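# Structure at a glance
For reference, the chains in residue letters:
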Amino acid sequence: MSKTYLITGGAGFIGSALCRMIINETNDTIINIDKLTYAGNLESLSLIAKNERFNFEKIDICNSDDITNIFDTWQPDVVINLAAESHVDRSIKKPDSFIQTNIVGTYVLLEGARDYWGSLKGTKRENFRFHHVSTDEVYGDLENDKTLFTEETPYAPSSPYSASKASSDHLVRAWQRTYGLPTLITNCSNNYGPFQFPEKLIPVIILNALQLKKIPVYGDGNQIRDWLYVEDHVRALIAVANQGALGATYNIGGYNEIKNIEVVRLICSILDKIKPLKNKNIKKYEELIEFIEDRAGHDIRYAIDASKISKELSWFPKETFITGIEKTIRWYLKNLNWSSQFLNLNLEFDNTNKEIL
Ligand code: NAD
């Protein structure tokens, strides 16, 4: 039977990928609510915008009246909460909106869901799910050894971003334990892929390289992240939201532990192949790499043990980092217009270097 999803933050990077997959691969209906901050973009939804099963409302998840109305009007079967402030550097400069959206917004949504779920009867009530999307950054960082984050790893967030996400996870667990709300939490590693806002590491590398701008690398570049292609993440989200054990947490990871500097060098070498430089002064893109002062409190290593979701829900990532990153680079090359719409935000790139495009 088809379902109605309430997706929050569905105009962002991962949320828009989730909306595209649900509309393209199921018969389900979506009501997507998003405040459309700098990170939200309806262009990312243009491929499904006209589909009659896709609906959008511009709403702030901190507004409890609007949230109550959405539940009353749409009577969702599944909530997937992705609305968040998500950029660590911004959280260090100005934590306020992280506290509001990530903590207060999650609280407002939980209360809206609790009221609504309380009013449901029969199978509609039994089948209701509230799925909160979180990050592996809540676990803090790991030493450079073989240890992995499991679902039992204690929380030890380092940045205002990860602390706000950890707080929201605790609220979700408390609403499950105290009120019996049928919740699920997923903690995922770093995502990459099409439509990622050009302030995050991978689009910055690609777009700076394409403009022959310096490619900034924090510290010595030896920080390790476990990269997951965004479509692999959204397949995991759909599996957990529909088949996950109520009250459970699932870690999601790509089995792709790579040092930041290796990510930069790999992207440069792929660009050398598919977009060779014709510039006299620079022969290879990696000549643009510039090491800059490290981020305050920068975590050394994140690495996920995703064996629980693999065993229980038969989920495995389809992409390796090599296949996923090549798809991603080709997408940014083909869709420079999507990236160039953010130029008025004074981002560090422009689209004028015709020589290499
Ligand atoms: P994003 O910044 O690209 O998108 C966030 C979306 O939320 C935007 O569309 C924004 O407009 C919307 N939003 C922000 N505040 C809102 C509010 N108050 N009300 C309604 N909408 C609001 O983020 P993303 O990378 O797509 O991440 C989505 C979720 O996944 C976040 O919760 C994030 O913590 C989590 N996550 C992200 C990653 C990653 O690598 N990107 C990894 C693990 C987990």
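Residues numbered from 1 in each chain as written. Predicted model: local features only at pLDDT ≥ 70, side-chain atom pairs only at ≥ 80, totals over all residues. Heavy atoms only, no water.

## Focus on the environment of Thr-178
Structurally, the position occupied by Thr-178 is in helix α6 (residues 160–179). With 42 residues separating them in the primary sequence, Thr-178 and Asp-136 have C-alpha atoms 25 Å apart. (Helix = DSSP H or I, 4+ residues; strand = E, 2+ residues; numbered from the N terminus.)

## What to know about the packing of aromatic side chains
Applying the stated rule across the entire model yields 19 aromatic pairs. Among the aromatic side chains, those forming a connected cluster through ring pairs are Tyr-38, Phe-195, Phe-197, Trp-331, Tyr-332, Trp-338 and Phe-342. Sitting above the plane of the Tyr-179 ring, Arg-114 keeps its charged end 3.8 Å from the centroid. (Phe/Tyr/Trp six-rings, centres within 6.5 Å; stacked < 30°, edge-to-face > 60°. Lys NZ or Arg CZ within 6 Å of the ring centre and 35° of its normal.)

## Considering empty space enclosed by the protein
Any space left empty among the atoms is revealed by the rolling of a water-sized probe across them. Counting across every chain of the model gives two cavities of 30 Å³ or more. Its volume calculated, the second largest cavity comes out at about 30 Å³. What lines the second largest cavity is simply Ala-11, Gly-12, Phe-13, Ala-39, Asn-41, Ser-44, Phe-195, Phe-197, Trp-338 and Phe-342. Across the lining of the second largest cavity, the residue classes tally to seven nonpolar, three polar and no charged. (1 Å grid on protein atoms, 1.4 Å probe; cavity = no way out; pocket = protein on both sides within 12 Å on 5 of 7 lines; lining within 4 Å. Points joined across faces, edges and corners; volume = space filled by probe spheres on them. Nonpolar A, V, L, I, M, F, W, Y, C, P; charged D, E, K, R; others polar.)

## Examining the sheet that holds strand β4 (residues 78–81)
Within the open sheet, the seven strands sit side by side as β3-β2-β1-β4-β5-β6-β11. Their pairing is parallel. Both outer strands of the open sheet, β3 (54–58) and β11 (249–252), are each paired with one neighbouring strand and no more. Averaged over all pairs of adjacent strands, the angle between their axes in this sheet comes to 20°, without regard to strand direction. For strand β1 (residues 4–8) and β4, the ladder comprises four bridges, and the chain directions are parallel. Bridge assignment links Thr-8 to a residue of β4, and that residue is Asn-81. Helix α8 (residues 230–243) contacts β1, β4, β5 (129–135), β6 (183–188) and β11 of the sheet and is inclined by roughly 145° relative to β5. (Pairing = 2+ DSSP bridges. Axes fitted to C-alpha atoms, helices over the stretch in contact; angles between N-to-C directions. Contact = heavy atoms within 4.5 Å.)

## Overview of the pattern of salt bridges
Taken as a whole and assessed by the stated rule, the structure comprises ten salt bridges. Across the pair Lys-124 and Asp-77 runs a salt bridge, and its minimum N-O distance is 3.0 Å. A residue pair is termed long-range when its members are at least 10 positions apart, and Lys-124 in helix α5 (residues 122–127) and Asp-77 in the loop between α2 (64–74) and β4 qualify at 47 residues. Here Asp-232 and Arg-235 are joined by a salt bridge, their closest N and O atoms 2.6 Å apart. Of the two residues, Asp-232 and Arg-235 both sit in helix α8, three residues apart, roughly one turn of that helix. Classification of Asp-232 by relative accessible area gives buried; the value is 2%. The class for Arg-235 is partly exposed, based on a relative accessible area of 22%. (Salt bridge = Lys/Arg side-chain N within 4 Å of Asp/Glu carboxyl O. Buried < 20%, exposed > 50% of the residue type's maximum accessible area, 1.4 Å probe, protein only.)

## Considering the environment of Pro-198
Considering the arrangement of structural elements, one finds Pro-198 in the loop between β7 (191–192) and α7 (201–210). For Pro-198, a relative accessible area of 5% gives the class buried. A C-alpha to C-alpha distance of 28 Å links Pro-198 and Val-79, two positions 119 residues apart in sequence.

## What about unusual backbone geometry?
With the exception of glycine, the majority of residues adopt a negative phi angle, and the majority of peptide bonds are in the trans configuration. A positive phi angle, close to 55°, is found at Leu-36, a residue other than glycine. Position of Leu-36 relative to the elements: it lies in the loop between β2 (29–34) and β3. Of note, Ser-314 is a non-glycine position whose phi angle comes to about 50°, a positive value.

## Points about the pairing of β4
Of the two faces of β4, the one carrying Val-78 and Ile-80 and the one carrying Val-79 and Asn-81 are both buried. Sheet topology note: the β4/β5 ladder contains four bridges and is parallel. Directly across from Val-78, in β5, lies its bridge partner Arg-129.

## Comments concerning the side chain of Arg-129
With respect to the helices and strands, Arg-129 occurs in strand β5. No salt bridge is formed by the buried Arg-129; its nearest oppositely charged neighbour, Glu-126, is found at 8.9 Å. Looking at Arg-129, its side chain comes within polar contact range of the main-chain oxygen of Asn-127, at 3.4 Å. Once residues within four sequence positions are removed from consideration, Arg-129 is found in contact with Asp-77, Val-78, Val-79, Pro-182, Leu-184, Ala-241 and Leu-246. (Lys, Arg positive; Asp, Glu negative; His and termini not counted. Polar contact = N/O pair within 3.5 Å; in protein donor to acceptor, adjacent residues only side chain to side chain.)

## Quick look at the confidence of the model for the chain
The pLDDT averaged across the chain works out to 93; a share of 96% of its residues lies at or above 70. Residue range residues 343–357 is modelled with pLDDT below 50. Its contacts to residues more than four positions away, or to other chains, number 37 contacts. (pLDDT = per-residue confidence, 0-100.)

## Looking at the packing of helix α9 (residues 260–274) against helix α11 (residues 321–334)
Here α9 crosses α11 at 60°, and the two axes come no closer than 11 Å. Taken together, the axes of α9 and α11 lie oblique to each other. Helix-helix and strand crossings are classified by hand; for α9 and α11 the assignment is right-handed. Of the residues in α11, those touching α9 at Val-263, Leu-266, Ile-267, Ile-270, Leu-271, Lys-273 and Ile-274 are Phe-321, Ile-322, Ile-325, Glu-326, Ile-329, Arg-330 and Leu-333. (Parallel < 35°, antiparallel > 145°, perpendicular 65-115°, else oblique. Left-handed = near helix turned anticlockwise from the far one by under 90°.)

## Topic: α2
Among the residues making up α2, those that are buried are Ile-67, Ile-70 and Phe-71. Looking straight down α2, one finds its buried side chains confined to an arc of 95°; they lie on one side. Projecting away from the buried face of α2 at angles above 90 degrees are the exposed residues Asp-65 and Thr-73. On the buried face of α2, the contacting elements are β1, β2, β3, β4 and α4 (96–119). Between the side-chain oxygen at the start of α2 and the backbone nitrogen of Asp-65 there is a gap of 3.1 Å, and the oxygen is on Asn-63. (Arc of directions from axis to C-beta.)

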